[in-house]
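Structural overview for review
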Amino acid sequence: MVSARVYDAFYRWWTPWDSVGVRQDLRSLLASGRVSPSTHPRAVDLGCGTGANVVFLADSGFDAWGIDFSAVALRRAEVRRAEAGVGCHFVRGDLTAPSIDGVEGPFDLMVDFGTLDDLRGDARSAMVRTIDRLARPGTTLLSFCFFGSVDDLPRVSLTGPSRLSGTIKPGEMEQWFGDRWNLEVWNDYPGEPFATFVLVRR
């Protein structure tokens, strides 16, 4: 697991993923009508970074929360929140810990853009337990990840997944969640090593 200090350094100097802003998959999920502030009022971004998705959700009417372990990212998130003039909550916390101070479930909508796949081994299974703990029957999870066989990836890449980065392998989401969540592919990015899944807690 990459340390918070490493991510603090990234957020000070170079965060290519941060330029994406609000994720299109999240916009399309809301536009589909499958989730809304009336049906899924409490929302949380797991590994929220500088808070673009959280501010978007708050502006869309959700009680929106963001959790991240980078203090630098969260300071930038608070600036984003103030500039947008919306009410939302940012909490510094470790998504692999048994509990997170200041965060109580359940949440109705959970989003994860590239956090679960960044973890490996015990840390990944610990985040899965966090997701389960913060969910309720009917909770929707939108999860974007680097996706594919490690053998098909380049050894090193500065623009996408590589053998050095975390990757969700085919069948792995079903292994982690399949006995408790209904799972579907939301976007498979044809020809690209990415995938977005929608999961609903049974």
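In what follows, the structure referred to is the one given above.
No experiment lies behind these values; they were computed from the predicted model shown.

Digging into the packing of aromatic side chains
A ring pair, where both rings are aromatic, is described by two values, the distance of the centres and the angle of the planes. Considering all chains together, one arrives at eight aromatic pairs under this definition. Taking 6.2 Å as the distance between ring centres and 70° as the angle between the ring planes, the aromatic pair formed by W65 and F107 counts as edge-to-face. In this pair, W65 is assigned in strand 2 (residues 63-68) and F107 in the loop between strand 3 (89-92) and strand 4 (109-113), connecting sequence segments 42 residues apart. Judged by its relative accessible area of 14%, W65 is buried. Relative accessible area serves as the criterion here: at 0%, F107 is assigned to the buried category. Here F144 and Y189 contribute two aromatic rings whose centre-to-centre distance is 5.8 Å and whose plane-to-plane angle is 80°, an arrangement assigned as edge-to-face. Separated by 45 residues along the polypeptide, F144 in strand 5 (residues 140-146) and Y189 in the loop between strand 6 (181-187) and strand 7 (194-201) bring together distant segments of the chain. Relative accessible area serves as the criterion here: at 10%, F144 is assigned to the buried category. The class for Y189 is partly exposed, based on a relative accessible area of 24%.

Let's talk about the sheet that holds strand 6
Strand order in the open sheet formed by seven strands is 3-2-1-4-5-7-6, with mixed pairing between adjacent strands. The open sheet terminates on both sides in strands that have one partner only, identified here as strand 3 and strand 6. Between one strand axis and the next, the sheet turns by 20° as a mean value, whatever way the strands run. Looking at chain direction, strand 1 (residues 42-46) and strand 4 are connected through three bridges and run parallel. Bridge pairing in strand 4 places D45 opposite V111. Its contacts with the sheet place helix 3 (residues 52-59) against strand 1, strand 2, strand 3 and strand 4, and it is angled at close to 170° to strand 2.

Observations regarding the side chain of D45
Take D45: it is sitting in strand 1. The charged side chain of D45 is buried without a salt bridge, its nearest counter-charge being R23 at 7.8 Å. Of note is the side chain of D45, whose polar atom sits 3.4 Å from the side chain of N53.

Thresholds, definitions, all that
- Residues numbered from 1 in each chain as written.
- Predicted model: local features only at pLDDT ≥ 70, side-chain atom pairs only at ≥ 80, totals over all residues.
- Heavy atoms only, no water.
- Phe/Tyr/Trp six-rings, centres within 6.5 Å; stacked < 30°, edge-to-face > 60°.
- Helix = DSSP H or I, 4+ residues; strand = E, 2+ residues; numbered from the N terminus.
- Buried < 20%, exposed > 50% of the residue type's maximum accessible area, 1.4 Å probe, protein only.
- Pairing = 2+ DSSP bridges.
- Axes fitted to C-alpha atoms, helices over the stretch in contact; angles between N-to-C directions.
- Contact = heavy atoms within 4.5 Å.
- Lys, Arg positive; Asp, Glu negative; His and termini not counted.
- Salt bridge = Lys/Arg side-chain N within 4 Å of Asp/Glu carboxyl O.
- Polar contact = N/O pair within 3.5 Å; in protein donor to acceptor, adjacent residues only side chain to side chain.

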